[in-house]
Amino acid sequence: CSEDFHPRDEHELGPVLRGFGLRYRGFAFFSGTIEPRKNIDRLIDAYSRLPQALRMQYPLVLCGYRGWKSQGVHSRIERAQDEGWLRYLGYVDEGVLPQLFAGARLFVFPSLYEGFGLPVLEAMASGVPVVCASSASLPEVAENAAMFFDSQNVEAMTESLQHGLESTHWQAEARARGLARAAVFSWQRCAAETAAIYRR
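What comes next is a walk through the structure.

Right, let's get into the packing of aromatic side chains. A complete count under the given rule lists ten aromatic pairs for this structure. Ring centres of Phe5 and Phe101 lie 5.3 Å apart, and the angle between their planes is 90 degrees; on these two criteria the pair is classed as edge-to-face. Taken as a pair, Phe5 in the segment before helix H1 (10–19) and Phe101 in helix H5 (residues 97–103) lie far apart in primary sequence, 96 residues in all. Judged by its relative accessible area of 10%, Phe5 falls in the buried class. By relative accessible area, Phe101 is classed as buried at 1%. One aromatic cluster in this structure is built from Phe5, Phe27, Phe29, Phe30, Phe101, Phe107 and Phe109. Lying over the aromatic face of Trp85, Arg55 brings its terminal NZ or CZ to 5.4 Å of the ring centre.

Our focus in this paragraph is the packing of helix H8 (residues 154–166) against helix H9 (residues 168–182). Each pair of packed helices can be summarised by the angle the axes make with each other and by the distance between the axes. At a minimum axis separation of 6 Å, H8 and H9 run at an interaxial angle of 90 degrees. Relative to H9, H8 is oriented roughly perpendicular. Residues His163, Gly164, Leu165 and Glu166 of H8 pack against Thr168, Trp170 and Gln171 of H9.

With respect to the helices and strands, His6 occurs in the segment before H1. Remark: the alpha-carbon pair of His6 and Asp45, spanning 39 residues in sequence, is separated by 30 Å. In this structure His6 touches Ala102, Ala125 and Ser126, once residues within four positions along its chain are discounted. Within the structure, the side chain of His6 is placed 3.5 Å from the side chain of Arg8, a separation counted as a polar contact.

Our focus in this paragraph is the pairing of strand E4 (residues 106–109). Of the two faces of E4, the one carrying Leu106 and Val108 and the one carrying Phe107 and Phe109 are both buried. Of the pairings in the sheet, the one linking E4 to strand E5 (residues 130–133) comprises three bridges and is parallel in character. Pairing of Phe109 across the sheet is with Cys132, part of E5. Regarding topology, helix H6 (residues 118–125) serves as the crossover connection from E4 to the parallel E5, and that connection is right-handed.

What follows covers the sheet that holds strand E2 (residues 60–63). Spatial ordering of the open sheet is given by E3-E2-E1-E4-E5-E6, a layout of six strands whose pairing is parallel. The sheet is open, and its two edges are formed by strand E3 (86–88) and strand E6 (146–149), each paired on a single side. Pairwise comparison of adjacent strand axes, ignoring direction, gives a mean angle of 20 degrees for this sheet. Against the sheet, helix H2 (residues 40–48) touches strand E1 (28–31), E2, E3 and E4, its axis set at about 165 degrees to E2. Packing against the sheet, helix H4 (residues 71–83) makes contact with E2 and E3, and its axis sits at approximately 130 degrees to E3.

Rules of the game
Residues numbered from 1 in each chain as written. Predicted model: local features only at pLDDT ≥ 70, side-chain atom pairs only at ≥ 80, totals over all residues. Heavy atoms only, no water. Phe/Tyr/Trp six-rings, centres within 6.5 Å; stacked < 30°, edge-to-face > 60°. Helix = DSSP H or I, 4+ residues; strand = E, 2+ residues; numbered from the N terminus. Buried < 20%, exposed > 50% of the residue type's maximum accessible area, 1.4 Å probe, protein only. Lys NZ or Arg CZ within 6 Å of the ring centre and 35° of its normal. Axes fitted to C-alpha atoms, helices over the stretch in contact; angles between N-to-C directions. Parallel < 35°, antiparallel > 145°, perpendicular 65-115°, else oblique. Contact = heavy atoms within 4.5 Å. Polar contact = N/O pair within 3.5 Å; in protein donor to acceptor, adjacent residues only side chain to side chain. Pairing = 2+ DSSP bridges. Right-handed = clockwise from strand over helix to strand, strands pointing away.

Everything listed here is a matter of geometry and, on its own, says nothing about what the molecule does.
Structure follows, in structure tokens:
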């Protein structure tokens, strides 16, 4: 992923986060288009089952374009925003997005299907713990650096989210494993391996 995704401290991120009304490591984050395969409906279900105090302390922050067949999800997003435990930022400029990643307490990615799952890599490179679905390519991308759940099991998703938000021990381990895993991926390696395939 872009080198713009890297760990940042609270002093650096404070002004940007305050502009969105957010606290450093004070929110769970999702980035991606709001569309059916992203599984946002179940994510909202799962987050709504967390203890109210935890939801209010660490709101769920979503950013991304309005995608196809998303009207129903946006109605649910609006209700959750009114209840005070969810924020929808819409499209966020690429210059700001890496700072939102780096400021999150947790990155959650519940997709039903992904060709690769670049946001998971971006979160790991940012030093942010990752909780994500065990579907498609995501286990291959994250390996042992993420906590996985069944993308269609709301209860399992809630349990993973709660553990991810509350366990500082797990967070520290996930940050370290995520940074090590993200370092495996580079455009240089991609180019070298692609060239090797052509030569073979």
